Amino acid sequence: MAKVKYTIKENTKVGTHSFYAMPVPNGTLDFMEVCEEACENTSIEPSLMRAAVTEYMKAVKRNVLKGFRCALGEQFIYVYPNLEASLKDKKDAQGNIIEVAKLEDFTLAGAKSRLGATVSKKYSAQFAAEVSWQRVDASGAVVEDDDITDNGDTPAPSGGGGNTPVNPGGGGGGDDEPDEN
């Protein structure tokens, strides 16, 4: 089993004594590199796969612009239109509420259109069962050589994995099937 490396970082934005794990990327594969790997040991030419996926993504884009949730692969990733807009109580410096947020005050002024994405629960659970983690320091040297693995449980939706929307403040549920609207 391949190991994904991670480091521990301090979250200084929320104060002291707050830490989080951060995966260390091995790099980025471009679209053609993934097509070439996907076509290994098959009779499919990478250029044909690239053309088919490019046309598929054009159809996804058209349908997301119409308001549909669209699957990228079977039970893998869903993309959907998302609107980043919120209204919260206004508080003073001490944290006391000075103005209560009301539905009738909600407007889309300052709202942002976003593309949301969720990973299916099935794929998240499969990833959790197959992944192995190895802690490294800032230089990349191994700190712990023990595997950290889930027991096949569905991972908690935190960070950028599981069923968490890719866009911050995004909606969407991470269902295996698109929502019925």
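Here the structure is shown first, and the text comes after it.
Overview of the structure. If you're wondering where the values come from, they're calculated on a predicted model, not measured in any experiment. Numbers given for residues are sequential positions, taken from 1 along each chain in its written order. It should be noted that, the model being predicted, local features are given only for residues of pLDDT at least 70 and side-chain atom pairs only at 80 or more, the latter also being counted only at that level, while totals for whole chains, interfaces and linings use all residues. The side-chain numbers reported here are obtained from all heavy atoms of the structure, hydrogens and water having been left aside.

Re the overall build of the chain
Then step 1. A run of H or I in DSSP counts as a helix once it spans at least four residues, and a run of E counts as a strand once it spans at least two, with each numbered from the N terminus. Along its length, the chain carries three helices and eight strands.
Then step 2. Mapped from its N terminus to its C terminus, the chain presents α and β elements in the order β-β-α-α-β-β-β-β-β-α-β.
Then step 3. In this scheme, a residue with accessible area under 20% of its type's maximum is buried, one over 50% is exposed, and one in between is partly exposed, where area comes from a 1.4 Å probe on protein chains only. Buried residues in the chain amount to 17% of all 181 residues.
Then step 4. Sequence separation of 24 or more characterises 50% of the internal contacts of the chain that already satisfy a separation of 6 or more.
Then step 5. Within the structure as shown, the chain displays about 13,300 Å² of accessible surface, and the carbon and sulfur contribution to it stands at 53%. Contacts are residue-level and defined by heavy atoms, with any inter-residue pair within 4.5 Å sufficient. Methods summary: accessible areas were calculated by the Shrake-Rupley approach with a probe of 1.4 Å, and residue burial reflects only the protein chains presented.

Quick look at the environment of Thr 118
Then step 1. Tracing the backbone through its elements, the reader meets Thr 118 in strand S7 (residues 112–119).
Then step 2. Measuring from C-alpha to C-alpha, the distance between Thr 118 and Phe 76 comes to 8.5 Å, with 42 residues separating the pair along the chain.

Examining the nonpolar core
Then step 1. Counting residues in hydrophobic clusters, the biggest one holds six residues: Val 60, Val 64, Cys 70, Leu 72, Val 79 and Ala 117.
Then step 2. Residue contacts for Val 79: discarding those within four places in its chain leaves Val 60, Val 64, Phe 68, Arg 69, Cys 70, Leu 72, Leu 115, Gly 116 and Ala 117. Throughout this description, the term nonpolar core refers to a set of buried Ala, Val, Leu, Ile, Met, Phe, Trp, Tyr and Cys residues connected via side-chain atoms within 4.5 Å.

With respect to the pairing of strand S4 (residues 77–84)
Then step 1. Relative to S4, strand S3 (residues 70–72) runs antiparallel, the two being bridged by three bridges. Residue pairing for S4: Leu 72 is matched across the bridge by Ile 77.
Then step 2. Being paired, for any two strands, means DSSP has found at least two bridges between them. Linking two consecutive strands that pair antiparallel, namely S3 and S4, is a turn of four residues; a positive phi of about 90 degrees is found at Gly 73 within it.
Then step 3. Pairing analysis gives eight bridges linking S4 to S7, with the strands arranged antiparallel. If you follow Pro 81 over to S7, its bridge partner there is Leu 115.

Examining the sheet that holds S3
Then step 1. Taken in spatial order, the three strands line up as S3-S4-S7 in an open sheet, and their pairing is antiparallel. Looking at the sheet topology across the chains shown, the edges are occupied by S3 and S7. Averaged over all adjacent pairs, the angle separating strand axes in this sheet is 35 degrees, with direction ignored.
Then step 2. As a rule, the C-alpha atoms of each element are fitted with a line to give its axis, helices using only the stretch in contact, and angles between N-to-C directions run from 0 to 180 degrees. Here helix H2 (residues 46–64) sits on the sheet and contacts S3, S4 and S7; the angle it forms with S3, its principal contact strand, is near 155 degrees.

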